[in-house]
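Residue strings, one per chain:
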Number of protein chains: 2
Amino acid sequence: MATKPAIPKGTRDFSPAEVAKRNYIIQTIKRNFEKYGFQPIETPSFENSETLLGKYGEEGDRLIFKVLNSGDKVKKADLKALEENNLARFSNSLSEKALRYDLTVPFARYVVQHQNEIEFPFKRYQIQPVWRADNPQKGRFREFYQCDADVVGSKSLWQEVELVQLYDAVYTDLGLQGVTIKINNRKILSGIAEVIGASDKLIDFTVALDKLDKIGADGVKAEMLTKGISEEAIEKVQPLFQFEGTTTDKLKQLATLLADSQEGMKGVEELTFICEQVNALGLDAAVLDLDVTLARGLNYYTGAIFEVAAPKEVKLGSIGGGGRYDDLTGIFGLKNMSGVGISFGLDRIYLVLEELNKFPETVTVTSKALFFNSGHQEAAFVMQTLQTLRKQGIKVEMYPDADKIAKQFKHAEKRGINSVVIVGADELANKNFTFKDLNNGTQEVVTLEQLIEKLK
Amino acid sequence: MATKPAIPKGTRDFSPAEVAKRNYIIQTIKRNFEKYGFQPIETPSFENSETLLGKYGEEGDRLIFKVLNSGDKVKKADLKALEENNLARFSNSLSEKALRYDLTVPFARYVVQHQNEIEFPFKRYQIQPVWRADNPQKGRFREFYQCDADVVGSKSLWQEVELVQLYDAVYTDLGLQGVTIKINNRKILSGIAEVIGASDKLIDFTVALDKLDKIGADGVKAEMLTKGISEEAIEKVQPLFQFEGTTTDKLKQLATLLADSQEGMKGVEELTFICEQVNALGLDAAVLDLDVTLARGLNYYTGAIFEVAAPKEVKLGSIGGGGRYDDLTGIFGLKNMSGVGISFGLDRIYLVLEELNKFPETVTVTSKALFFNSGHQEAAFVMQTLQTLRKQGIKVEMYPDADKIAKQFKHAEKRGINSVVIVGADELANKNFTFKDLNNGTQEVVTLEQLIEKLK
C-alpha cells in the first residue's frame, strides 16, 4: 500500500492525551450519575432495523447507518426497488440491522423487552457511542458519545428538580462556571399556541421569538406576520416581547398570559414547582433560566424541556438537553410509562473545556518515572524494583533497550514523563538509585524506600 | 408493534449488575495496563473497507460486518457481480466501510497514520468492542470487547518478560489462582519443522502432538503417519513425546533436539531468557509453562507466542493470548516495526469469575440508602439532606412518589439497597432521621452527622 492509510470521514482517532481528557469528562459524569442513584446499562451497537426505522422522522431514517447483510443474504436485493429509484426500499432489502442513532430508542426497547426483570421507577444511565450519517462540521461527527440519564416509571416532578441539580453537579465538578440551564414546558408552548389561536404556527412563532436579541421586537413581529400569524394574536402575547427578570417574575407574567388555557396553566404550575425547589436548594456553577422559545423535539416531549448553554464567552450552542416524555415506551407497545431524562454532549463539553483551558494538568495518563536501561545486570535489578513499585500501585516503566543515555532522556521528555531513574554500575553495587526530577533538573541518590516516597 | 422487541442474534443487553461486573474486570485490566506504562488510544468503530479486507484471510473477510453506503451511493450496486454470483464483489460495491474485526489491524493503521506524532517505542492499550459475523455459541458473540496491550518499536525481550508479569498481575488482582500462561516461540516451531524435514506438515504435526494427553503417544504417532509425516521424522522428535518437567528441563531437551537448526536454537535462546527472568522475578496467580504445541496465528507471529488457560476446574479454553510479530505495520507500508502484545478475553474472564464465584460482593453499583417520600414537606427536607450527602460523594436517592410505605420498602429490597431512611412528621420537626438497616433489621433515630457517618 503506497498511500498513507486514513479513516472514514467524520470519525476520529484519539491519542493517549485525548483519551485521558475524554475519560476525565466521562468519569465526572458517571460519578455524579451514580451519586444521584442512576445505574448503568449497555445495549448492542446495532439493533434490528425495525427497532430504529421510523422513530426519528424521515430525515433521521436517512441518517441511520445500515449494516449490510452477510453472505448469501445479499441475494435478496430488491432490484425492482433499485430500478424504481426507491433507494430506501432497496437499502432495506440488503440490510436487517442498523447502528444505534441515539440512546433513547434503544433504552425504550430495553425497558419493554426486560419489563418483567426491571424494578420501576427505573433510573438508568448509559454512556455509549452513536452513529449518524450526518455532514461532519465543527463539533459534529459521524461517531460520537452520548451520556444519558433517564428515569422511567414515575411522574414525580422531584425528578426534574434532581436532573437540574445533576446538571449543576457535573458542571461544578468540571469547573464550568456560568453555564445556563434553560427550562421550558411543552404545556406552556401548547398554551401559547391556544392563545395565538394557531397550533400549526407554534414553531414559526418560537423560531421568530428566539430572534428577539438579534432583530428586535419589530423585526420579530414582521417575521411573524409574514408567517401568517395575525396582528391580533401578536398583540395577545405582547408580554413575551419584554419577557425578562427572574424565573418567578416570568412565571407570574405567564400565569396572566395563559390564564384562559387549562393546559398552559398546568405548565405554569409544573414549572413553578421545579423552579421554586431548585431555587430553595441552590445551584453552584449553573443558572436556571426560563426560556419560552425553547422547543427542541417538540413532538417528543410532553412536559419539561431542558437545554444547557455553554458559558457566554464560548460560542458553541447547546452542551446538553433533555425533557419529559409521557409515552417513551409506547412505540414498543408498553403504555403509560412516563420518562424524564437529560443528556450530556461529550464532544461539545470537550471543546468548551479546551477553549477555556479547564482541563486539570494531572489528567494525562503517563508513568511517574522512566527507568533507564544500562545493560543486562542493571535492567534485571530495575525489573525487580518496578515490580515492587507496581505492587504499590505506582505507574512506572523501563526503557526497553540499552540505548544511549541521551536517547533515553529524550524519550522521557517526549513522553511527558517528569522524572527518570538511573541505575548504573555504582547504583547496582550499592542497591540504590539516581533520581532526576526533569521539572527542576535536580538529581539525588536515593534508597528504595525514598524512591517509593517520591513516586507515591 | 404487537410482538415484544428483540435484539440481533449474537448481541447482548447488559443490566446494571452485569455492567458493574464487566467494569470491575475492565478497570482491573486498565489499572494494570497503566501501572506497566501503557497508554490508551481509541480508534473509530468502522474503518475504510480497504484497511480491513484481506488482513484476516478469506474466512476473516467473510466475517467482517460491512456498513451499507448511504443515500445515492447504493446506486453503484455492481449488478453484474450479483448475476455472476460473486457476492463478495457485489457487497463491496455497496459498501466502503466495515466494522472493526479486531484491535490489532486498526492499531497498525493508527501507528502508520500517526507515525510522525508517535514517540517510539510506543506502549498502547485499547479496550473497545469488535464485531464478527460468526455463529454465536457459549462465550462467543457477534459484538464483544477486546482488551489489548502492545509495544511497538523495540525488539527487547524484557517486553515479553513484562507482558507475562502483566498477565499475572491482572489475574492476581482478579483472584484467579491457577491460571496457566503457556509460552512458545515461532522459531522453535520452525526448528521442529526443519528437524522433521517438512515445513508444510508443521500444523498437522502440532495439532497431532497436542492430543498427547487424550490419545497417547501411539495415537499421536498414528495420526502423524496418516498425515504423511515420516516414521523417521517422528523418531527424530521422539523427546517431544515425553516432554515434561520445568521450563528449564524442557528448554534443555529442546536445545539437544534443535541443535542443528540455527533458527530453532535462536528460539531456545529467546525462550530461555524470558523464562529465566520471569522465574527470577516470580509469579503470583499464574504458572508459566512451555508448550511446543502452541501455534496460534502461526503466519502472524514471528517470536514469542502466548496463550492463557483458565484454572483447570473451569472447562473454557483460552482466556487470553498474544505474541511477537516482527512486521506489524508492513501491511500499511511502514517496515521494520517489531511489535509484541497480549490480549484479554473479557467475556471468557467474566464466565470464569462467575463460575468460580470470584466477583467481590461490593461490585454492584447501587445507592447506599433509599430515602422514603412521605409527602411534600418531608420530601423537600430529604432533598436538602441528599444534596449534603452527595456533596460528600455518597450515593443516595429518594423514592420519587409519596406512595405507601410497603411499596417503598419493597423498592429498596428489589433494588438491592441495604438501608432506608424515613423522614415523617416527627423527624421533620426534630430535623433527624429514622435509619433502618435492611440487612439486620435494626432501626434507630440519628442526626445528620450520624447519618453521614453511617453512609460514608
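Residues numbered from 1 in each chain as written. Chains lettered and ligands numbered in written order. Predicted model: local features only at pLDDT ≥ 70, side-chain atom pairs only at ≥ 80, totals over all residues. Heavy atoms only, no water.

A. The arrangement of the sheet that holds strand 15 (residues 433-437) of chain B in detail. Residue and element names in this part refer to chain B. Taking strand neighbours across the sheet as the criterion, the five strands line up as 13-12-14-15-16 in an open arrangement whose pairing is mixed. Where the open sheet ends on each side, the last strands, each with one partner, are strand 13 (396-398) and strand 16 (443-446). Between one strand axis and the next, the sheet turns through 25° on average, direction left out of account. By the bridge criterion, four bridges tie strand 15 to strand 16 in an arrangement that is antiparallel. Each bridged residue has a counterpart across the sheet, and for Thr-434 the counterpart in strand 16 is Val-445. The strands touched by helix 16 (residues 405-415) are strand 12 (369-371), strand 13, strand 14 (419-422) and strand 15; relative to strand 12, the strand with the most contacts, the crossing angle is about 160°. (Pairing = 2+ DSSP bridges. Helix = DSSP H or I, 4+ residues; strand = E, 2+ residues; numbered from the N terminus. Axes fitted to C-alpha atoms, helices over the stretch in contact; angles between N-to-C directions. Contact = heavy atoms within 4.5 Å.)

B. How the structure looks around the domain arrangement of chain A. Partitioning chain A into structural domains gives domain 1 (16-64 + 101-355) and domain 2 (369-455). Summarising the inter-unit geometry, the C-alpha centres of domain 1 of chain A and domain 2 of chain A are found 52 Å apart. (Domains from an automatic or database assignment.)

C. Focus on the relation of the copies chain A and chain B. Once turned by 180° and shifted 0.0 Å along the axis, chain A lies on chain B with an RMSD of 0.0 Å. Taken together, the rotation angle and the small translation identify this as a two-fold axis. A high fraction, 100%, of the interface residues of chain A reappear at the interface in chain B, so the copies pair face to face through one surface. (Least-squares fit on C-alpha atoms with pLDDT ≥ 70 in both.)

D. Broad picture of the nonpolar core. One finds A:Tyr171, A:Leu240, A:Leu254, A:Phe344 and B:Phe371 to be the most contacted residues of the largest nonpolar core, which totals 125 residues. Considering every element that reaches this core, the biggest residue donor is helix 7 (residues 158-173) of chain A, with nine residues. Apart from the residues lying within four places of it in its own chain, the contact partners of A:Leu254 are A:Ile188, A:Leu240, A:Phe243, A:Val268, A:Leu290 and A:Val292. Core analysis: the next-biggest nonpolar cluster, separate from the first, contains 98 residues, A:Ala369, A:Val446, B:Phe306 and B:Leu353 among them. (Core = buried A, V, L, I, M, F, W, Y, C linked by side-chain atoms within 4.5 Å. Buried < 20%, exposed > 50% of the residue type's maximum accessible area, 1.4 Å probe, protein only.)

E. Examining the pairing of strand 10 (residues 318-325) of chain A more closely. Residue and element names in this part refer to chain A. Judged by how many residues are buried, strand 10 sits mostly within the fold: seven of eight residues are covered. Summarising the sheet, strand 10 and strand 11 (residues 339-345) pair through six bridges and their orientation is antiparallel. Along strand 11, the bridge assignment pairs Gly-321 with Ser-343.

F. Summary view of the confidence of the model for chain A. Residues with a pLDDT of 70 or more make up 99% of chain A, whose mean pLDDT is 93. Predicted complex metrics record ipTM = 0.94 and pTM = 0.95. (pLDDT = per-residue confidence, 0-100.)

G. Main features of the side chain of B:Gln126. Residue and element names in this part refer to chain B. Within the secondary structure layout, Gln-126 lies in strand 5 (residues 122-131). Owing to a relative accessible area of 0%, Gln-126 belongs among the buried residues under this scheme. Reaching out from Gln-126, the side chain makes a polar contact with the side chain of Thr-43 at a distance of 3.0 Å. A polar side-chain atom of Gln-126 sits 3.0 Å from a polar atom in the side chain of Gln-128. Setting aside residues no more than four positions away along its own chain, Gln-126 makes contact with Ile-41, Glu-42, Thr-43, Leu-103, Phe-107, Gln-146, Cys-147 and Asp-148. (Polar contact = N/O pair within 3.5 Å; in protein donor to acceptor, adjacent residues only side chain to side chain.)

H. Summary view of the interface of chain A and chain B. With 110 residues of chain A in contact, the opposing surface of chain B contributes 110 residues. Between chain A and chain B lies a buried interface of about 9300 Å² when both sides are counted; carbon and sulfur atoms form 58% of it. Taken together, the connections running from chain A to chain B amount to eight salt bridges. Connecting chain A to chain B are 38 residue pairs in polar contact (both at pLDDT 80 or more). The element contributing the most residues to the side of chain A that touches chain B is helix 15 (residues 376-391) of chain A, with nine residues. When the residues that make up the side of chain A that touches chain B are grouped by side-chain class, the tally is 48 nonpolar, 33 polar and 29 charged. (Buried area = accessible area lost by both parts, 1.4 Å probe. Salt bridge = Lys/Arg side-chain N within 4 Å of Asp/Glu carboxyl O. Nonpolar A, V, L, I, M, F, W, Y, C, P; charged D, E, K, R; others polar.)

I. Structural context of the packing of helix 1 (residues 16-35) of chain B against helix 14 (residues 346-355) of chain B. Residues and elements named next belong to chain B. Packing of helix 1 against helix 14 brings their axes to within 10 Å, and their N-to-C directions diverge by 110°. Viewed along their axes, helix 1 and helix 14 adopt a mutual orientation that is roughly perpendicular. In contact with Glu-18, Lys-21, Arg-22, Tyr-24, Ile-25 and Ile-26 of helix 1, helix 14 contributes Leu-346, Asp-347, Ile-349, Tyr-350, Leu-353 and Glu-354. Here the contact of helix 1 with helix 14 is built from residues that sort into seven nonpolar, no polar and five charged. (Parallel < 35°, antiparallel > 145°, perpendicular 65-115°, else oblique.)

J. Structural detail: the pairing of strand 4 (residues 95-99) of chain A. Residues and elements named next belong to chain A. Of all five residues that make up strand 4, four are buried, and the element is covered over most of its length. Both strand 2 (residues 46-48) and strand 4 contribute to a ladder of three bridges, which runs antiparallel. Bridging from a neighbouring strand, Asn-48 pairs with Lys-97 of strand 4.

K. Molecular detail of the sheet that holds strand 8 (residues 286-290) of chain A. Residue and element names in this part refer to chain A. Strand order in this open sheet of eight strands is 1-5-6-11-10-9-7-8, and the pairing throughout is mixed. Strands at the two margins of the open sheet, each flanked by one partner only, are strand 1 (39-40) and strand 8. In this sheet, strand 10 lies alongside strand 9 (residues 304-309) in antiparallel orientation, the contact comprising five bridges. Opposite Glu-307, over in strand 10, you have Gly-321 as the bridge partner. Where helix 1 (residues 16-35) meets the sheet, it contacts strand 5 (122-131), strand 6 (143-152) and strand 11, and its direction lies at approximately 160° from that of strand 5. Across the sheet, helix 7 is in contact with strand 5, strand 6, strand 7 (179-185), strand 8, strand 9, strand 10 and strand 11; its angle to strand 11 comes to roughly 15°.

L. View of the packing of aromatic side chains. Tallying each qualifying case throughout the model produces 32 aromatic pairs over all chains. Taking the centre distance of 6.3 Å and the plane angle of 55° together, the rings of A:Phe33 and A:Phe38 count as tilted. Relative accessible area serves as the criterion here: at 0%, A:Phe33 is assigned to the buried category. A relative accessible area of 3% means that A:Phe38 is categorised as buried. Pairing B:Phe381 with B:Phe433 gives two aromatic rings, centres 5.4 Å apart and planes at 15°, and the pair type is stacked. Pair noted here: B:Phe381 is in helix 15 (residues 376-391) and B:Phe433 is in strand 15, with a separation of 52 residues, a long-range link. B:Phe433 shares its class with B:Phe381; the two are buried. (Phe/Tyr/Trp six-rings, centres within 6.5 Å; stacked < 30°, edge-to-face > 60°.)

M. Structural context of helix 6 (residues 104-113) of chain A. Counting buried positions along helix 6 of chain A yields 10 of 10 residues, so the element is predominantly enclosed. If you check which residues of helix 6 of chain A are buried, you get A:Thr104, A:Val105, A:Pro106, A:Phe107, A:Ala108, A:Arg109, A:Tyr110, A:Val111, A:Val112 and A:Gln113. Packed against the buried residues of helix 6 of chain A are strand 2, helix 2 (49-52), strand 5 and strand 6 of chain A together with helix 1 of chain B.

N. Representation of the pattern of salt bridges. Evaluation of the coordinates by the stated rule reveals 52 salt bridges over all chains. For B:Arg62, the salt bridge goes to B:Glu59, with nearest N and O atoms at 3.3 Å. Within this pair, B:Arg62 and its partner B:Glu59 are both found in helix 3 (residues 57-63), separated by three residues, close to a single helical turn. Since its relative accessible area comes to 51%, B:Arg62 is described here as exposed. Overlapping salt bridges, with partners in common, bring together A:Asp78, A:Lys80, A:Glu84 and A:Arg89 in one network.

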